[in-house]
Amino acid sequence: MTDLTDLTLAEAREGLAKKSFSARELTQAHLDAVAKARALNAYVLETPEKALAMADASDARLAKGEAGPLEGLPIGVKDLFCTEGVRSTACSRILDDFTPRYESTVTANLWRAGAVMLGKINCDEFAMGSSNETSAFGPVVSPWRRAGSDAALVPGGSSGGSAAAVSARLALAATATDTGGSIRQPAAFTGTVGIKPTYGRCSRWGIVAFASSLDQAGPITKSVEDAAMMLQAMAGPDAKDTTCADMPVPDYRAAVSRGVRGLRIGIPKEYRVEGMPAEIEALWQQGQDWLRAAGAEMVEISLPHTKYALPAYYIVAPAEASSNLARYDGVRYGLRVPGRDITDMYEMTRAEGFGREVKRRVMIGTYVLSAGYYDAYYLRAQKIRTLIKRDFEEAYAAGVDAILTPATPSAAFGIGEKGSGDPVEMYLNDIFTVTVNMAGLPGISVPAGFDAQGLPLGLQLIGRAFDEETLFATGRVIEEAAGRVTYPQPWWG
Amino acid sequence: MSVDTDTVRRIARLARIRVTDEDVPHLQGELNAILAFVEQLSEVDVEGVEPMTSVTPMRIKTREDGVADGDKADDIVANAPVTEDHFFVVPKVVE
């Protein structure tokens, strides 16, 4: 029998159905792998007892023929999702030992489908980062290394722990969130699949808020089919989130094998940015050739406001963050640092509890919303957001079904390599992904090849609002053409 | 636009984050790097463009104004650093 941790979610489900192994065996194999991989720092809390109890319950349901769609399949949960009775920190000191008395809607949906929780997974503090280096628990180390080098690389961020865990086979799949690229960029860096669904597809209830008009949950998985299975369970209407769409979730798994014959794929000329490495350009070209060979038509399109998406994002996201993070005041939950009076207590608590990147963004957000600057910054950025969305609407109205772009401007970089002097250097990682959040559209990153040093590279597909199905179908064609990714052999223990 | 050290201190006060004298120069540098980066937005013609208020064309859901939940005082104070009889305790506010 092959190692149970090498299976995809779909293969593991089949194995359970055929009784080739039990949910307990599958879960134990993953718990063992997690315990041996602490050097990667992917998990911030392991929950083996809970995992085994959930696995036993799954085995009982499997035996009775009452299995849910994800019955007995062990997954990891980004520590941004609140989990009842299990410490949830957003990887920030300010939440301290916060232990929610409630369960986020997305994770509740997953448990209802039968999934098993292995533990809570590392991420950037409050999901603010592109390398998982801002976490209060320290950086996540990617299981990937450059050929012939043992330098530690980042797995991307903010869902870096999720991407590292899946590519190191420490979970069959993991939950993640994406505000500016935090699912798709780490997926691209680790040879995994990551989908950010349309804004409103997944409930945000019980997920620690960063920028409420941009945040969306989604999965990181080993295959497009697995991503379809995970999103199917995670998505759906929720009365507790007023921005969650009251729309039925289509059969995503059925869409995976639909093919791309007759589809028109837009190639936006503005994504051909100055200084783009030749191998990214070649990968993009390769993706177009694969889709053309499968029967799709490539259409050159223009999204003229693309270059303004990232700067507009760095006004909108910090502004919303400064408002959302006002709740961390040392009164209702989390850390409290004593002070002379109440204001002193607030200021000391927030100085001690927030890391550098979070402070920076809260302060930028406070500035752009402050009296006298609101119109010049925030209002202007929201107008530009309207223009960015209009660009996409015009492309889709002209008959484009999906848009193909590179997922990231480079492969993974080293820990400590970027952004120490100038924060903008790190922000540029999200240049191809952030437009999608600004327009509320769905986007998927699919592994499509490797750079000269053997590191994975991804391609991104952007869909029409609420048309994740076309992304699964198109992503599957790229995945099939590129071939299954061989994940790194465990050098970590 | 760029910020001076007094503005950095003023923003920190508004954000309720204590900064030390040593923090101010590097924060000033980082904030100005971000402000310089977003400066390019001023070249976009936004005349007559509506600011975005909702990213998807949806109507905010409404519900009946009734009690849907309650009786959870234990849960609500469970994670607070200091409490007394279901109250959050804070430093003295009124003299």
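Read on for a plain summary of the structure. (Residues numbered from 1 in each chain as written. Chains lettered and ligands numbered in written order. Predicted model: local features only at pLDDT ≥ 70, side-chain atom pairs only at ≥ 80, totals over all residues. Heavy atoms only, no water.)

### Some details on the pattern of salt bridges
All names here are of chain A.
Argument step 1. Tallying each qualifying case throughout the model produces 33 salt bridges over all chains.
Argument step 2. A salt bridge links D289 to R292, with the nearest nitrogen and oxygen atoms 3.1 Å apart. With a gap of three residues between them, D289 and R292 both fall in helix 9 (residues 278-293), about one helical turn apart.
Argument step 3. For D289, a relative accessible area of 35% gives the class partly exposed.
Argument step 4. What makes R292 partly exposed here is its relative accessible area of 42%.
Argument step 5. The salt bridge partner of R361 is E357, with a shortest N-O separation of 2.7 Å. Pair noted here: R361 and E357 are both in helix 12 (residues 356-369), with a separation of four residues, about one helical turn. Here R361 matches E357 in class, with each residue buried. (Salt bridge = Lys/Arg side-chain N within 4 Å of Asp/Glu carboxyl O. Helix = DSSP H or I, 4+ residues; strand = E, 2+ residues; numbered from the N terminus. Buried < 20%, exposed > 50% of the residue type's maximum accessible area, 1.4 Å probe, protein only.)

### What about the environment of V256 of chain A?
Residue and element names in this part refer to chain A.
Argument step 1. Structurally, the position occupied by V256 is in helix 8 (residues 252-256).
Argument step 2. With relative accessibility at 6%, the residue V256 sits in the buried group.
Argument step 3. As for V256 and V331, which are separated by 75 residues in sequence, their C-alpha atoms are 48 Å apart.
Argument step 4. Once residues within four sequence positions are removed from consideration, V256 is found in contact with V224, E225, A228, F472, A473 and R476. (Contact = heavy atoms within 4.5 Å.)

### Points about the side chain of K222 of chain A
Residues and elements named next belong to chain A.
Argument step 1. Within the secondary structure, K222 is located in the loop between strand 6 (216-221) and helix 7 (224-234).
Argument step 2. Within the buried core, K222 has no salt-bridge partner, and the shortest N-O distance to an opposite charge, that of D6, equals 5.8 Å.
Argument step 3. In terms of polar contacts, K222 uses its side chain to reach the backbone carbonyl oxygen of T5, at 2.8 Å.
Argument step 4. At a separation of 2.6 Å, a polar atom in the side chain of K222 contacts the main-chain carbonyl oxygen of L7.
Argument step 5. The contact partners of K222, leaving out residues within four places of it in the chain, are T5, D6, L7, T8, V166, R169, A171, L172, V193, E479 and Y487. (Lys, Arg positive; Asp, Glu negative; His and termini not counted. Polar contact = N/O pair within 3.5 Å; in protein donor to acceptor, adjacent residues only side chain to side chain.)

### Quick look at the packing of helix 1 (residues 9-17) of chain A against helix 7 of chain A
Residue and element names in this part refer to chain A.
Argument step 1. Viewed as axis vectors pointing N to C, helix 1 and helix 7 meet at an angle of 75°, and their least axial separation amounts to 8 Å. By the criterion of interaxial angle, the relationship of helix 1 to helix 7 is roughly perpendicular. Two secondary-structure elements touch here, helix 1 through L9, A10 and R13 and helix 7 through E225, D226, M229 and M230. (Axes fitted to C-alpha atoms, helices over the stretch in contact; angles between N-to-C directions. Parallel < 35°, antiparallel > 145°, perpendicular 65-115°, else oblique.)

### A word on the nonpolar core
Argument step 1. The biggest cluster of nonpolar side chains holds 171 residues, and the ones touching the most others in it are L70, L110, F126, L170, F392 and F472 of chain A.
Argument step 2. Take this core: its biggest share by element is ten residues, from helix 10 (residues 309-324) of chain A. (Core = buried A, V, L, I, M, F, W, Y, C linked by side-chain atoms within 4.5 Å.)

### Some words on the sheet that holds strand 2 (residues 74-78) of chain A
All names here are of chain A.
Argument step 1. If you trace the eleven strands from one edge of the open sheet to the other, you get 1-3-2-4-6-5-10-11-9-7-8, paired in mixed fashion. For this open sheet the edge positions go to strand 1 (43-46) and strand 8 (297-301), each flanked by a neighbour on one side alone. Along the sheet, successive strands turn relative to each other by an average axial angle of 30°, direction set aside.
Argument step 2. Note that strand 10 (residues 443-450) and strand 11 (residues 456-463) share seven bridges and pair antiparallel. By the bridge assignment for strand 11, S445 is matched with Q460.
Argument step 3. The sheet strands contacting helix 4 (residues 105-112) are strand 2, strand 3 (116-121), strand 4 (173-178) and strand 6, and the helix crosses strand 2 at an angle near 175°. (Pairing = 2+ DSSP bridges.)

### Brief notes about the packing of helix 7 of chain A against helix 16 (residues 468-482) of chain A
For any two helices packed against each other, one specifies the inter-axial angle together with the distance between the axes.
Residues and elements named next belong to chain A.
Argument step 1. The geometry of helix 7 relative to helix 16 is characterised by a closest axis approach of 9 Å and an angle of 160° between their N-to-C directions. In terms of their interaxial angle, helix 7 and helix 16 are classed as roughly antiparallel. Here helix 7 contributes V224, A227, A228 and L231 to the contact with helix 16, which in turn contributes E468, F472, G475, R476 and E479.
Argument step 2. Here the residues of the contact of helix 7 with helix 16 sort into five nonpolar, one polar and three charged. (Nonpolar A, V, L, I, M, F, W, Y, C, P; charged D, E, K, R; others polar.)

### Re the environment of K18 of chain A
Argument step 1. Mapped onto the elements, K18 of chain A comes out in the loop between helix 1 and helix 2 (23-36).
Argument step 2. A C-alpha to C-alpha distance of 42 Å links K18 of chain A and M128 of chain A, two positions 110 residues apart in sequence.

### What about unusual backbone geometry?
All names here are of chain A.
Argument step 1. Here G157 and S158 are connected by a cis peptide whose omega angle stands at 5°.
Argument step 2. Even without glycine at this site, C91 takes up a positive phi of about 55°.
Argument step 3. As for its placement among the helices and strands, C91 is situated in the loop between strand 2 and helix 4.
Argument step 4. Among the residues examined, C91 registers a relative accessible area of 0% and is labelled buried.
Argument step 5. The phi angle at F466 is positive, at roughly 65°, despite the residue not being glycine.
Argument step 6. You can see F466 is positioned in the loop between strand 11 and helix 16.
Argument step 7. Note on F466: relative accessible area 17%, which makes it buried.

### A few points about helix 1 of chain A
Argument step 1. Restricting attention to buried positions, one finds in helix 1 of chain A the residues L9, A10, A12, G15 and L16 of chain A.
Argument step 2. If you follow the buried residues of helix 1 of chain A, they end up packed against helix 2, helix 3 (48-63), strand 4, helix 7 and helix 8 of chain A.

### Observations regarding the pairing of strand 6 of chain A
Residue and element names in this part refer to chain A.
Argument step 1. Judged by how many residues are buried, strand 6 sits mostly within the fold: six of six residues are covered.
Argument step 2. Here strand 6 shows a buried face lined by Q216, G218 and I220 and a second buried face lined by A217, P219 and T221.
Argument step 3. As judged from the six bridges shared by strand 4 and strand 6, these two strands associate in the antiparallel manner. Within the sheet, the bridge partner assigned to T177 lies in strand 6 and is A217.
Argument step 4. As judged from the two bridges shared by strand 5 (residues 193-196) and strand 6, these two strands associate in the antiparallel manner. Within strand 6, the position partnered with G194 by the bridge is I220.

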